[in-house]
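# Fold and contact review
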Amino acid sequence: MLAAAFMLFRSKGSSNSSSGGNTKNGKPAEKFPGGPMTIFFGSQTGTAESFARTLMEEGRENGFDAKMADLEDFQPDSFQEEKTAIFLMATYGEGEPTDNAADFAKWLSNENGDLTDTQLEGLKYTVFGLGNRQYEHYNRQGKLTNKHLSMLGAQRVFTYGEGDDDASLEEDFEAWKDQMWPALGTAFGLGSSGGSHG
């Protein structure tokens, strides 16, 4: 009995240095202190989807409960509940959105003026565009996504990045994401989670 009371006191006293205090509600709160994150991709050939899978895995390593989402499944109502998102947007043909991102791009462009400039004010985001300099409208969809999210009140938490499929797309993506994680770690108060040594 005395040992049990001592153990209870001990666990209470060390609760701020251990993640064991949050198991009541069944959620591993300390595992993903950055909270939920959705990585949306607009992909025609599969490259953006592959990049999204990489970011999902790395997001979990960096303290975010990250998941991938195909923009083909875009629904305006559920999208407006998102809090943290990364967008990987490929440009297809002459500056067009990929087939799976067409509905999202149309909604985001707000052509009818139905959306307000505070529509997405609860969203923190960043965008990486995948394009090819051989085409006239290089990375148009990445640039438009970045611009339109901001116009609807979303808050950019890391700089827009883009890659050139005609040259060094993989290297461009690697360089961008390697700077992104430490920046997001700082923005979300995750300390050294992003890999910096202080």
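Just so you know, these numbers come straight off a predicted model, no measurement behind them.

Of the pockets and cavities examined, the largest pocket occupies roughly 320 Å³. Lining the largest pocket are 19 residues; nearest its centre among them are A90, T91, Y92, L130 and D165. Looking at the lining of the largest pocket residue by residue, the classes come out as seven nonpolar, 11 polar and one charged. In this structure, the second largest pocket encloses a volume near 200 Å³. Forming the boundary of the second largest pocket are 14 residues, of which A105, K106, S109, Q141 and L144 lie nearest the centre. Partitioned by chemical class, the residues of the lining of the second largest pocket number six nonpolar, four polar and four charged.

Here the focus is the pattern of salt bridges. Going through the model one piece at a time under the given rule, you end up with six salt bridges. Residue R53 pairs with E49 through a salt bridge whose shortest N-O separation is 3.8 Å. Residue R53 and its partner E49 are located together in helix α2 (residues 47-61), separated by four residues, close to a single helical turn. Between D65 and R60 there is a salt bridge, with its nearest N and O atoms 3.3 Å apart. The partly exposed category is assigned to D65, whose relative accessible area is 33%. Bridged by salt links that share partners, the residues E58, E174, K177 and D178 form one connected network.

Side chains of E72, D73, D99 and D103 sit close together on the surface and give a patch of like negative charge. In this structure, D99 sits in the loop between β4 (96-97) and α4 (102-109). By relative accessible area, which is 59% here, D99 ends up exposed.

Quick look at α2 now. Helix length check: α2 (15 residues) gives 22 Å between terminal C-alpha atoms against 21 Å at 1.5 Å per residue, within 8%. All of the buried residues along α2 are A48, F51, A52, L55, E58 and G59. Along the axis of α2, the buried residues cluster in a sector spanning 135 degrees; they form a single face. At its buried positions, α2 is contacted by β1 (36-42), β2 (65-70), β3 (84-92), β5 (124-131) and α6 (169-187). Phi turns positive one or two residues past the end of α2, at G63, with a value near 95 degrees.

Orientation of α2 relative to α6, taken along the N-to-C sense of each, is 25 degrees, at an axis distance of 12 Å. Between α2 and α6, the angle is such that the two are roughly parallel. Judged by the twist between their axes, the crossing of α2 over α6 is right-handed. For the pair α2 and α6, the contacting residues are T47, F51, T54, L55, E58 and G59 in the first and L169, E170, F173, W176, K177, M180 and W181 in the second. A per-class count over the contact of α2 with α6 returns seven nonpolar, three polar and three charged.

With that settled, consider the confidence of the model for the protein chain. For the protein chain, mean pLDDT is 86; residues scoring 70 or higher make up 81% of the total. Contacts of residues 1-24 to residues separated by more than four positions or lying in other chains number four contacts, the stretch itself having pLDDT below 50.

Structurally, the position occupied by E82 is in the loop between α3 (76-79) and β3. Although E82 lies buried, it forms no salt bridge, and the closest oppositely charged side chain, K67, sits 4.7 Å away as judged by the N-O distance. A distance of 2.7 Å separates polar atoms of two side chains, one belonging to E82 and the other to T38. Aside from chain neighbours lying at most four places away, what touches E82 is T38, F40, G122 and L123.

Rules and cut-offs
Residue indices follow the written sequence of each chain, beginning from 1 at its first position. With pLDDT at 70 or above as the cut-off, local features in this predicted model cover only qualifying residues; side-chain atom pairs require 80 or more to be listed or tallied, and sums for whole chains, interfaces and linings still use all residues. Note that the side-chain values use all heavy atoms of the structure and ignore hydrogens as well as water. Cavities and pockets are defined on a 1 Å grid built over the protein atoms alone: a cavity is a set of grid points where a 1.4 Å probe fits but cannot escape, while a pocket is an open set with protein on both sides within 12 Å along at least five of seven lines, and lining residues are those with an atom within 4 Å of any such point. Grid points are joined across faces, edges and corners, and a volume is the space filled by probe spheres set on the points. In the scheme used here, Gly and all other residues not listed as nonpolar or charged are polar, with Ala, Val, Leu, Ile, Met, Phe, Trp, Tyr, Cys and Pro taken as nonpolar and Asp, Glu, Lys and Arg as charged. The term salt bridge refers to a pairing of a side-chain nitrogen on Lys or Arg with a carboxyl oxygen on Asp or Glu at a separation within 4 Å. Per the convention used, a helix needs a DSSP run of H or I reaching at least four residues, while a strand needs a run of E reaching at least two, with both numbered from the N terminus. Under the scheme applied here, a residue whose accessible area is under 20% of the maximum for its type counts as buried, over 50% as exposed, and between as partly exposed, the area being computed with a 1.4 Å probe on protein chains only. In this analysis, a patch consists of residues with relative accessible area above 30% that form no salt bridge, clustered at 9 Å for like charges and at 5 Å for the nonpolar side chains Val, Leu, Ile, Met, Phe, Trp and Tyr. For accessible areas, the Shrake-Rupley method is used with a probe of radius 1.4 Å. Any residue's cover is judged against the shown protein chains and nothing else. When charges are counted, neither His nor the chain ends are considered; positive counts come from Lys and Arg and negative counts from Asp and Glu. Just so you know, the charge point we use is NZ for Lys, CZ for Arg, CG for Asp and CD for Glu. Given a helix with a known number of residues, its expected span is that number minus one, times 1.5 Å. What the arc covers is the set of directions going from the helix axis to the C-beta atoms. Pairs of residues are marked as contacts when any of their non-hydrogen atoms sit within 4.5 Å. Geometry is summarised by axes, namely lines fitted to C-alpha atoms with helices restricted to the contacting stretch, and by angles between N-to-C directions that run from 0 to 180 degrees. Here is the rule for angles: anything less than 35 degrees is roughly parallel, anything more than 145 is roughly antiparallel, 65 through 115 is roughly perpendicular, and the remaining ranges are oblique. By convention the crossing between two helices is left-handed if the near helix lies anticlockwise of the far one by an angle smaller than a right angle, and right-handed if it lies clockwise. pLDDT expresses how confident the predictor is about each individual residue, on a scale running from 0 to 100. Any pair of N or O atoms that falls within 3.5 Å is considered a polar contact. Within protein, one atom must be able to donate a hydrogen and the other to accept it, and sequence-neighbouring residues count only if both atoms are side-chain atoms.

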